[in-house]
Amino acid sequence: MKILVFFGKPGAGKGTQAALLKEHYNLVHISTGDLFRYNIKNKTPLGILAQSYIDGGDLVPDQVTIDMLEAEVQKNPNAAGFIFDGFPRTQAQAEALDIFLAKQNLNISATVALEASDDVLVERLLKRGETSGRSDDQDEVKIRNRFEEYKQKTAPLKSYYQQQNKFHSVDGIGTLEEISERLTQLIDSI
Ligand code: AP5
Ligand code: MG
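Fair warning: this is a prediction, and the values are worked out from it, not measured in the lab.

(A) Representation of the overall build of the protein chain in the model. For the protein chain, the count of helices and strands is nine helices and five strands. Overall, the protein chain shows an N-to-C arrangement of helices and strands of β-α-β-α-α-α-β-α-β-α-α-α-β-α. Relative to the globule expectation of 16 Å for 190 residues, the C-alpha radius of gyration of the protein chain, 16 Å, shows essentially globular dimensions. By the burial criterion, 45% of the 190 residues in the protein chain qualify as buried. A fraction of 72% describes how many contacts in the protein chain between residues 6 or more apart in sequence connect residues 24 or more apart. By element, 50% of the accessible surface of the protein chain is carried by carbon and sulfur atoms, the whole surface being about 9700 Å².

Structure below.
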């Protein structure tokens, strides 16, 4: 089973590329950010809990996020594989995911980081913020806080996956098609 983790700073293109590639590889795309936004929109208890964290650009607590991700995987028992977009984002999440998958005799095939500079990403997110309605895209202070969360809590996962020989980087600047092509070349070689 192919299990891919799309990794990268806010705005790097994880969601965009996962949406483009999921059909090509027949994978189920799970975005923890999209799941939180769905719950916020529907005012579920999970959404109410997550809202203040997301609004400020902070990560939602680990156990809440891990439980949500595991439940979503279990809703897809016949999946040929998964793209996890925006999960794991902390060491605790990465360890929980490995344990959860191992219980089902599964493991991550590869972690792929989309790379782009902060200035390009701020520009992309502010532009999207004009129309997306996403609270965390609305001003540069929140966007920079998302980068800071990434730097402190998520970036250290690079060495976690390097130790497992599963970390790959892809240039995230270019047209959507160029980036998809880079990703498919890499994924096909794994
Ligand atoms: P999440 O929804 O995961 O957001 P994010 O990672 O901060 O950022 P984005 O989704 O904006 O980035 P992306 O890489 O998907 O880029 P996209 O394709 O959208 O998380 C939101 C929040 O939820 C977190 O802050 C946290 O509070 C919470 N959360 C989620 N997961 C969590 C977890 N595991 N643990 C704890 N908390 C969690 O593209 C961005 C924009 O750029 C779009 O407008 C797109 O059209 C454009 N674009 C994409 N590619 C290109 C390109 N090549 N050229 C030009 N523009 C492009
Ligand atoms: Mg996204």
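(B) Highlighting the side chain of Lys166. Structurally, the position occupied by Lys166 is in the loop between helix H8 (157-163) and strand E5 (167-171). Salt bridges are absent for the buried Lys166, whose nearest opposite-charge side chain, Asp98, sits at 5.8 Å. Engagement of the side chain of Lys166 in a polar contact is seen with the backbone oxygen of Ile108, the distance being 2.9 Å. Not counting chain neighbours up to four residues away, the residues in contact with Lys166 comprise Asn107, Ile108, Ser109, Ala110, Thr111 and Tyr161.

(C) Highlighting the site of ligand 1. As a structural note, the neighbourhood of ligand 1 is formed by 30 residues, with Thr16, Thr32, Asp58, Arg89 and Arg128 the closest of them. Residue Gly13 places a main-chain N or O atom 3.0 Å away from an oxygen atom belonging to ligand 1. At 2.4 Å from an oxygen atom of ligand 1 is found a side-chain nitrogen or oxygen belonging to Thr16. When isolated, ligand 1 has an accessible area of 1000 Å², and the protein chains bury 86% of it. Using a 2 Å cut-off from the grid points, one finds that ligand 1 occupies the largest pocket. Per-element accounting of the shell around ligand 1 gives the leading share, four residues, to helix H2 (residues 32-41). Among the residues making up the shell around ligand 1, the classes are represented as ten nonpolar, ten polar and ten charged.

(D) Representation of unusual backbone geometry. The omega torsion across Phe87 and Pro88 is -5°, close enough to zero to call that bond cis. On the secondary structure map, Pro88 appears in the loop between strand E3 (81-85) and helix H5 (91-103). We note that Asn105 has phi near 55°; this positive angle belongs to a residue other than glycine. Summarising the element assignment, Asn105 is placed in the loop between H5 and strand E4 (110-115). Overall, the relative accessible area of 74% leaves Asn105 in the exposed class. Phi at Asn165 takes a positive value of approximately 60°, unusual for a residue other than glycine.

(E) Seen up close, helix H9 (residues 176-189). With 14 residues, H9 should reach 20 Å at 1.5 Å per residue; the first-to-last C-alpha distance of 20 Å fits that figure. Ile179, Ser180, Leu183, Thr184, Leu186 and Ile187 are the residues of H9 that are buried. The buried residues of H9 all sit within an arc of 165° when viewed along its axis, so they share a single face. Away from its buried face, by an angle of more than 90 degrees, H9 presents the exposed residues Glu177, Gln185, Asp188 and Ser189. Of the surrounding elements, those touching the buried residues of H9 are strand E1 (2-7), helix H1 (14-25), E4 and E5.

(F) The arrangement of the layout of surface pockets in detail. Approximately 850 Å³ is the volume found for the largest pocket. Contributing elements (two or more residues each) for the lining of the largest pocket: E1, H1, strand E2 (28-31), H2, helix H6 (118-132), helix H7 (140-154) and H9. Among the elements that make up the lining of the largest pocket, the one with the highest residue count is H2 (five residues). Within the lining of the largest pocket, the residues separate by chemical class into 16 nonpolar, 17 polar and twelve charged.

(G) Summary view of the sheet that holds E4. Spatially, five strands are ordered E2-E3-E1-E4-E5 in an open sheet, and the strand pairing comes out parallel. Each edge of the sheet is formed by a strand with only one pairing partner; in this case those strands are E2 and E5. Averaged over neighbouring strand pairs, the angle between their axes works out to 25° when direction is ignored. In terms of strand pairing, E4 meets E5 through five bridges, oriented parallel. When the sheet's bridge partners are listed, Thr111 is paired in E5 with Phe167.

Parameters at a glance
- Residues numbered from 1 in each chain as written.
- Chains lettered and ligands numbered in written order.
- Predicted model: local features only at pLDDT ≥ 70, side-chain atom pairs only at ≥ 80, totals over all residues.
- Heavy atoms only, no water.
- Helix = DSSP H or I, 4+ residues; strand = E, 2+ residues; numbered from the N terminus.
- Rg over C-alpha atoms; globule rule 2.2 N^0.38 Å.
- Buried < 20%, exposed > 50% of the residue type's maximum accessible area, 1.4 Å probe, protein only.
- Contact = heavy atoms within 4.5 Å.
- Areas by Shrake-Rupley, 256 points an atom, 1.4 Å probe, with all protein chains shown as cover.
- Lys, Arg positive; Asp, Glu negative; His and termini not counted.
- Salt bridge = Lys/Arg side-chain N within 4 Å of Asp/Glu carboxyl O.
- Polar contact = N/O pair within 3.5 Å; in protein donor to acceptor, adjacent residues only side chain to side chain.
- Near = heavy atom within 4 Å.
- 1 Å grid on protein atoms, 1.4 Å probe; cavity = no way out; pocket = protein on both sides within 12 Å on 5 of 7 lines; lining within 4 Å.
- Sits in = over half its atoms within 2 Å of the grid points.
- Nonpolar A, V, L, I, M, F, W, Y, C, P; charged D, E, K, R; others polar.
- Expected span 1.5 Å × (residues − 1).
- Arc of directions from axis to C-beta.
- Points joined across faces, edges and corners; volume = space filled by probe spheres on them.
- Pairing = 2+ DSSP bridges.
- Axes fitted to C-alpha atoms, helices over the stretch in contact; angles between N-to-C directions.

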